[in-house]
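Chain residues, written in single-letter form:
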Amino acid sequence: MQKGARIAVFVDRDGTICFDKHYLSDPDGLELIPTVAEGIKRLNDAKLPVIVVTNQSGVRRGYFTEETLKAVHDRLRQILASHGAKIDDIFYCPHRPDEGCKCRKPAPGMLMQARDKHGFDLTRSFVIGDRMMDVGMAHAVGAKGILVPEPGDQYNIEKEIRESTTKPDFRADTFMQAVDWILKRLDKRD
Ligand SMILES: [Mg+2]
Ligand SMILES: [Zn+2]
């Protein structure tokens with residue numbers, strides 16, 4: 001389809017891929033959200049790189065180490081592999097909000113790190129996330145931002161949307177709907 005086009009699909013972790021357990025430090029606490037494994041597999045089949053971008057301030061808050069975070073991510077890859085799905089790379093921001101880094105969402109630093117490492121065209125890429133900070137990060141670099149609220153909606157997303165200066169390009173009820181929207185758009189564009 002879009003061979004060599006360097007379009008990527010960036011995916012938030014907590015609340016998008018797995019249920020948000022707040023500073024998760026136990027690999028066994030990972031719980032995939034329905035349709036995520038199947039959706040990632042469809043992106044894999046379409047040859048679209050799937051890149052996780054996640055705020056993990058628990059590292060600098062001292063709640064867990066980067067080794068622990070790596071163990072959680074190894075477990076995530078293992079669970080996805082058992083469904084035939086794979087993530088191509090993972091970027092995380094370890095900083096606390098008060099550190100003023102350039103990579104904590106909604107800042108787009110992680111997208112830029114990924115672009116520099118892999119050569120993606122961010123303006124043609126997509127971000128899937130459960131919070132408006134994910135949409136804001138997408139729009140900061142001209143990417144499309146797709147909102148998929150976490151089942152159970154523990155963050156009152158309606159309020160977040162109302163109070164946000166930007167709006168999602170698409171709002172999906174499930175991860176798979178977000179994937180469908182992306183694949184349909186790419187079909188039309190080619
Ligand atoms: Mg999230
Ligand atoms: Zn950071």
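As a reminder, the structure under discussion sits directly above these lines.
Summary of the structure given here. Because the structure is a prediction, the values reported are computed rather than measured.

**Things to note about the nonpolar core**
By size, the foremost hydrophobic cluster in this structure holds 37 residues, and its most contacted members are Leu-48, Leu-80, Ile-128, Ile-146 and Ile-182. Secondary structure elements with two or more residues in this core: β1 (9–11), α1 (36–45), β2 (50–55), α2 (66–81), β4 (126–129) and α6 (175–189). Of all the elements, α6 adds the most residues to this core, at eight residues. Setting aside residues no more than four positions away along its own chain, Ile-146 makes contact with Phe-126, Val-127, Ile-128, Gly-129, Phe-170, Ala-178, Trp-181 and Ile-182. Among the nonpolar cores identified, the runner-up in size contains 17 residues, and Phe-10, Ile-51, Cys-93 and Leu-111 belong to it.

**With respect to the pattern of salt bridges**
All chains considered together, the criterion is met by 15 salt bridges. Residues Glu-31 and Lys-21 are paired through a salt bridge, measuring 3.5 Å at the closest nitrogen-oxygen approach. Placement of the pair is Glu-31 in the loop between β1 and α1 and Lys-21 in the loop between β1 and α1, with a sequence separation of 10 residues. Judged by its relative accessible area of 40%, Glu-31 is partly exposed. Overall, Lys-21 belongs to the partly exposed group, its relative accessible area being 36%. Its salt-bridge partner being Asp-116, residue Arg-115 comes within 3.2 Å of it at the nearest N-O pair. Through salt bridges with shared partners, one network takes in Asp-12, Lys-105 and Asp-134.

**A short note on the environment of Arg-162**
Within the secondary structure layout, Arg-162 lies in helix α5 (residues 157–163). Exposure remark for Arg-162: the relative accessible area of 62% places this residue in the exposed category. Between the C-alpha atom of Arg-162 and that of Cys-103, which follows or precedes it by 59 residues, the distance is 25 Å.

**What to know about the side chain of Gln-56**
With respect to the helices and strands, the residue Gln-56 is situated in the loop between β2 and α2. Looking at Gln-56, the relative accessible area reads 2%, which means it is buried. Excluding anything up to four places from it in sequence, Gln-56 contacts Arg-13, Asp-14, Phe-64, Leu-69, Tyr-92, Cys-93 and Pro-94.

**A closer look at the pairing of β4**
Neither face of β4 is open: one carries Phe-126 and Ile-128, the other Val-127 and Gly-129, and all of them are buried. Each parallel crossover has a hand, and the one from β4 via helix α4 (residues 132–140) to strand β5 (residues 144–147) is right-handed.

About the cut-offs
Residues numbered from 1 in each chain as written. Chains lettered and ligands numbered in written order. Predicted model: local features only at pLDDT ≥ 70, side-chain atom pairs only at ≥ 80, totals over all residues. Heavy atoms only, no water. Core = buried A, V, L, I, M, F, W, Y, C linked by side-chain atoms within 4.5 Å. Buried < 20%, exposed > 50% of the residue type's maximum accessible area, 1.4 Å probe, protein only. Helix = DSSP H or I, 4+ residues; strand = E, 2+ residues; numbered from the N terminus. Contact = heavy atoms within 4.5 Å. Salt bridge = Lys/Arg side-chain N within 4 Å of Asp/Glu carboxyl O. Right-handed = clockwise from strand over helix to strand, strands pointing away.

In short, the description is geometric, and any link to function would need to be established separately.
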